[in-house]
Amino acid sequence: RSRRGGTGNTGSGMDAPSAAGLGGADPQLQRFIEVETQKQRFQQLVHQMTELCWEKCMDKPGPKLDSRAETCFVNCVERFIDTSQFILNRLEQTQKSKSAFSESLSD
């Protein structure tokens, strides 16, 4: 039932270029690229969540969701969001601690 595939490729080098890599480019262009990159990341998350929850919750597709499948989807989406938020917070904390460590070394 569960298939692990290549669709959850969030760490690929195929992301749009970062605004920081554009040097002295037009600020409006930089902002546009940032927004589009955020949209792309959001779409990747939604795609991952949809695939994961579909695999977990849909035993046999029918004309409408039964209450078990509906409850499963709600729980799956909520846990996916909780997990994603936890990971983002953890990465942010790690980044801040690395930054603080680097600054203390340069003092």
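Further up the page is the structure itself.
Structure report, in brief. (Residues numbered from 1 in each chain as written. Predicted model: local features only at pLDDT ≥ 70, side-chain atom pairs only at ≥ 80, totals over all residues. Heavy atoms only, no water.)

Bringing the overall build of the chain into the picture now. The number of helices and strands found in the chain is two helices and zero strands. Classification of the 107 residues of the chain by burial places 15% in the buried group. When contacts within the chain are restricted to residue pairs at least 6 apart in sequence, long-range pairs at least 24 apart make up 51% of them. Taken as a whole, the chain presents about 8800 Å² of accessible surface, with 57% of it coming from carbon and sulfur. (Helix = DSSP H or I, 4+ residues; strand = E, 2+ residues; numbered from the N terminus. Buried < 20%, exposed > 50% of the residue type's maximum accessible area, 1.4 Å probe, protein only. Contact = heavy atoms within 4.5 Å. Areas by Shrake-Rupley, 256 points an atom, 1.4 Å probe, with all protein chains shown as cover.)

Tallying each qualifying case throughout the model produces two disulfides. At a sulfur-sulfur separation of 2.0 Å, the disulfide partner of cysteine 53 is cysteine 76. Handedness of the cysteine 53-cysteine 76 disulfide follows from its S-S torsion of about -90°: it is left-handed. Taken together, the positions of cysteine 53 in helix 1 (residues 27-57) and cysteine 76 in helix 2 (residues 67-106) put the pair 23 residues apart, joining distant regions of the chain. Cysteine 53 sits in the buried class, given a relative accessible area of 1%. Bridging cysteine 57 to cysteine 72, the disulfide has an S-S length of 2.0 Å. An S-S torsion of about -75° defines the bridge between cysteine 57 and cysteine 72 as left-handed. Taken as a pair, cysteine 57 in helix 1 and cysteine 72 in helix 2 lie far apart in primary sequence, 15 residues in all. Numbered by order of appearance in the sequence, the disulfide-linked cysteines of the chain pair as 1-4, 2-3. (Disulfide = S-S within 2.5 Å.)

A word on the pattern of salt bridges. Throughout the structure, instances matching the rule amount to six salt bridges. Here aspartate 59 ties to arginine 68 by a salt bridge, and the two come within 3.1 Å at their closest N and O atoms. Accessibility expressed as a relative area gives 41% for arginine 68, which makes it partly exposed. Between lysine 96 and glutamate 92 there is a salt bridge whose closest N-O contact spans 3.8 Å. Of this pair, lysine 96 and glutamate 92 both sit in helix 2, four residues apart, which is roughly one turn of the helix. Since its relative accessible area comes to 56%, lysine 96 is described here as exposed. Classification of glutamate 92 by relative accessible area gives partly exposed; the value is 45%. One continuous salt-bridge network, built from bridges that share partners, spans Glu78, Arg79 and Asp82. (Salt bridge = Lys/Arg side-chain N within 4 Å of Asp/Glu carboxyl O.)

Scope: geometric values only; no functional claims are made or implied.
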